[in-house]
Amino acid sequence: MRKPFIAGNWKMNKTPSEARELVNKLKEITGNRTDVDMAVCPNDVSLQGVVEELASTNIKVGAQNMHWKESGAYTGETAPGMLADLGIEYIIIGHSERRQIFNETDQDVNRKVKSALQYDLKPIICVGESLAEREAGKTKETVTFQVKAALAGVRSEDIEKVTIAYEPIWAIGTGESASAEQAADTINKIRKIIAELAPGKESEVRIQYGGSVKPHNIEEFMSKPDIDGALVGGASLEAESFAGVIENA
Ligand code: PEP
């Protein structure tokens, strides 16, 4: 049985003090839940404070990006060992904003996934099609390519540590979510790809939906057996709404 997993991607929002305030409220409301895995992913400068505030709760902490190298002359970048040392558990890799705005390639995503696993960070790998790709009937082709590229060379025993977040780009931050049927259809395809890459692991890998998930629509997504949770952007920026997504999951 896969445990539902709800993660919040704060993107470039919240100062370190605001981040502490948010998680303090969040832990009051939902910090002890054990039936759902929960994580928040603040900006790097807020990670330490958030780790401290959430220390005795069941809410885990993730980062939004990392470099694949161990250390070195990469000004402005964060190494996986730095995140692991802070007690970070999850790492979002290949979010569409990183792919589109910062030109992250599928090869970069793959390097980051393999590096994260070496440091015991659990990757949340984002994949998803653009509106043009969906309209051209290329959703499954796009997502298949992204998943295979991201997991190339990943050992079968490591694949279960990975979460895939299926996030159609046209649904991110737009208020227009995919329908539960659209999401489940693509997620079912992703599960088949996992079965091809690592037979048997398809029943263990968690696959989230992401794209305008709110407290009022999470239930619909969770009613689909293949959807294991959500990666939540906008609705994770307030304790009440993020807790509402968790509550209704
Ligand atoms: C995201 O940023 O991963 C996301 C899904 O954002 P939103 O929930 O705001 O669409």
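Residues numbered from 1 in each chain as written. Predicted model: local features only at pLDDT ≥ 70, side-chain atom pairs only at ≥ 80, totals over all residues.

- An unreviewed UniProt entry annotates the protein chain as Triosephosphate isomerase of Halonatronomonas betaini.
- The Catalytic activity (unreviewed entry) field of the UniProt record for the protein chain holds the comment "D-glyceraldehyde 3-phosphate = dihydroxyacetone phosphate". (UniProt positions renumbered as here; feature names shortened; annotations may be inferred.)

**Quick notes on the sheet that holds strand S4 (residues 90–93)**
Whenever strands of a sheet pair, they do so through backbone hydrogen bonds, lying parallel or antiparallel.
And step 1. Spatially, the eight strands close up into a barrel ordered S1-S2-S3-S4-S5-S6-S7-S8, and their pairing is parallel. Ignoring which end each strand starts from, the neighbouring axes of this sheet average 25° apart.
And step 2. Across four bridges, strand S1 (residues 5–9) lies against strand S8 (residues 229–232) in parallel orientation. The partner of Gly8 across the bridge, within S8, is Val232. (Pairing = 2+ DSSP bridges. Helix = DSSP H or I, 4+ residues; strand = E, 2+ residues; numbered from the N terminus. Axes fitted to C-alpha atoms, helices over the stretch in contact; angles between N-to-C directions.)

**Thoughts on the environment of Ile172**
And step 1. Tracing the backbone through its elements, the reader meets Ile172 in the loop between strand S6 (163–166) and helix H9 (180–197).
And step 2. Remark: the alpha-carbon pair of Ile172 and Val245, spanning 73 residues in sequence, is separated by 16 Å.
And step 3. If sequence neighbours within four positions are ignored, Ile172 has contacts with Ser96, Glu167, Gly210, Gly211 and Gly233. (Contact = placed C-beta atoms within 7 Å.)

**Some details on the pairing of strand S2 (residues 37–41)**
Side-chain positions along a regular strand alternate between the two faces of the sheet.
And step 1. With five of five residues buried, S2 is to be regarded as a mostly interior element.
And step 2. Relative to S2, S1 runs parallel, the two being bridged by five bridges. Note on S2: the bridge partner recorded for Ala7 is Ala39.
And step 3. The parallel pair S1 and S2, bridged by helix H1 (residues 16–30), forms a crossover whose chirality is right-handed.
And step 4. When S2 meets strand S3 (residues 59–63), the two strands line up parallel, connected through three bridges. Counted as the bridge partner of Met38 is Ile59 from S3.
And step 5. A crossover connection joins S2 to the parallel S3 through helix H2 (residues 44–53); in handedness this β-α-β unit is right-handed. (Buried ≥ 20, exposed ≤ 12 C-beta atoms within 10 Å, placed from the backbone. Right-handed = clockwise from strand over helix to strand, strands pointing away.)

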